[in-house]
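# Fold and contact review
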Amino acid sequence: MSELNLILLGPPGSGKGTQGERLQEDFRLPYYATGDILRAAVAEGTELGRTAKEYMDRGDLVPDEVIIGVIAERVEGAEAADGFILDGFPRTVGQADALGEEMEGLGRSITAAVLIDVSDEEVVRRLGGRRTCAKNGHIFHVDFDPPKNEDVCDICGARLIVRDDDKPEVIRHRLETYHEKTKPLVDFYEERGVLKRVDGSLEPEEVGNRIRALLATLRMEEEL
Ligand code: AMP
């Protein structure tokens, strides 16, 4: 495949981050997760971070005009010349349109939008049990990946916290936002013939295998 311009779609907690990091290693492509970029900006106290924080704490999306430039800059960069993996962007039809125009301007197109499909109940179960290391962001889960000592990071010994946006009322709001603003992108990419669905309720390893299999199929089709 000449280029792999990949979008990971799915509700919060569907495993986009886990899969994105694996794909980044497999394909040696830059991985851009807007949630991580924004959290880093908040931690650094940059102008972007100061603007984004109040929206993020509420579980609302930051405005399109704030985030579109952040991604456009990266997609245009030399690092992304052979492709990229996007996680958490686009999240609205406005963002998807902007990305489409950006790609067209560069003479490129989206190779695939992979929907990692997970039910709302599963999202609440996954995110509600998530504990994040206050110092380095390592993630544990009270059921699936418990730390050896309750509320203490195994890796660096710092305190584990519930991220503000993993609190139950915020999770519910993030899900509503997903259904209202982001779910329409499933149709958007289906209409453009690039949507691929993967069952996100499976074990992470299996989800990863299926994504790699569908990308391999795309590559074969391209070579035919
Ligand atoms: P995530 O880690 O992807 O769930 O993102 C955490 C938060 O960052 C979201 O709840 C939003 O407030 C914000 N965010 C991340 N990506 C976007 C985006 N593409 N558009 C708007 N807000 C975003």
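Everything in this summary refers to the structure shown in the same document. (Residues numbered from 1 in each chain as written. Predicted model: local features only at pLDDT ≥ 70, side-chain atom pairs only at ≥ 80, totals over all residues. Heavy atoms only, no water.)

### A few points about the layout of surface pockets
Selection rule: Of the grid points, spaced at 1 Å and generated over the protein atoms alone, those admitting a 1.4 Å probe that cannot get out make up cavities, while open sets with protein on both sides within 12 Å along at least five of seven lines make up pockets; any residue with an atom within 4 Å of a point is treated as lining. Grid points are joined across faces, edges and corners, and a volume is the space filled by probe spheres set on the points. In this text, helices come from DSSP runs of H or I with a minimum length of four residues, and strands from runs of E with a minimum of two, each type numbered from the N-terminal end. Amino acids are sorted into nonpolar (Ala, Val, Leu, Ile, Met, Phe, Trp, Tyr, Cys and Pro), charged (Asp, Glu, Lys and Arg) and polar (every other residue, Gly among them).
Within this model, the second largest pocket holds a volume of roughly 210 Å³. Counting residues per element, the ones that place at least two in the lining of the second largest pocket are helix H5 (93–105) and helix H8 (184–191). Of the residues assigned to the lining of the second largest pocket, the class counts are 7 nonpolar, 2 polar and 4 charged.

### Thoughts on the nonpolar core
Within soluble globular proteins, side chains that are nonpolar tend to cluster in buried spots. Worth spelling out the cut-off: Only buried residues count toward a nonpolar core, which is a set of Ala, Val, Leu, Ile, Met, Phe, Trp, Tyr and Cys residues joined through side-chain atoms within 4.5 Å. Each residue gets one of three labels from its accessible area relative to the maximum for its type: buried under 20%, exposed over 50%, partly exposed in between, using a 1.4 Å probe on protein chains only.
Formed by 29 residues in total, the largest nonpolar core has its most connected members in Ile7, Leu9, Phe84, Leu86, Leu99 and Tyr189. Sorting the residues of this core by element identifies strand S1 (4–9), helix H2 (34–44), helix H3 (47–58), helix H4 (64–76), strand S3 (83–87), H5, strand S4 (112–117) and H8 as the ones contributing at least two each. If you look at the next biggest cluster of nonpolar residues, it comprises 17 residues, including Leu4, Leu29, Leu215 and Leu218.

### Things to note about the sheet that holds S3
Strand pairing in a sheet is mediated by backbone hydrogen bonds. Such pairs are either parallel or antiparallel. Defined as follows: We call two strands paired when DSSP finds no fewer than two bridges between them. Think of each axis as a best-fit line through the C-alpha atoms, taken over the contacting stretch in the case of a helix, with angles from 0 to 180 degrees between the N-to-C directions. Contact between two residues is taken to exist if any of their heavy atoms lie within 4.5 Å; hydrogens are not considered.
Across the sheet, 5 strands lie side by side as S2-S3-S1-S4-S8; this open sheet has parallel pairing. Both edges of this open sheet fall to strand S2 (31–33) and strand S8 (195–199), since each of them pairs with a single strand only. Averaged over all pairs of adjacent strands, the angle between strand axes in this sheet comes to 20°, irrespective of strand direction. Here 5 bridges tie S1 to S3, and the two strands are oriented parallel to one another. By the bridge assignment for S3, Asn5 is matched with Phe84. Sitting on the sheet, H2 touches S2 and S3, and the angle it makes with S2 is about 65°.

In short, the description is geometric, and any link to function would need to be established separately.
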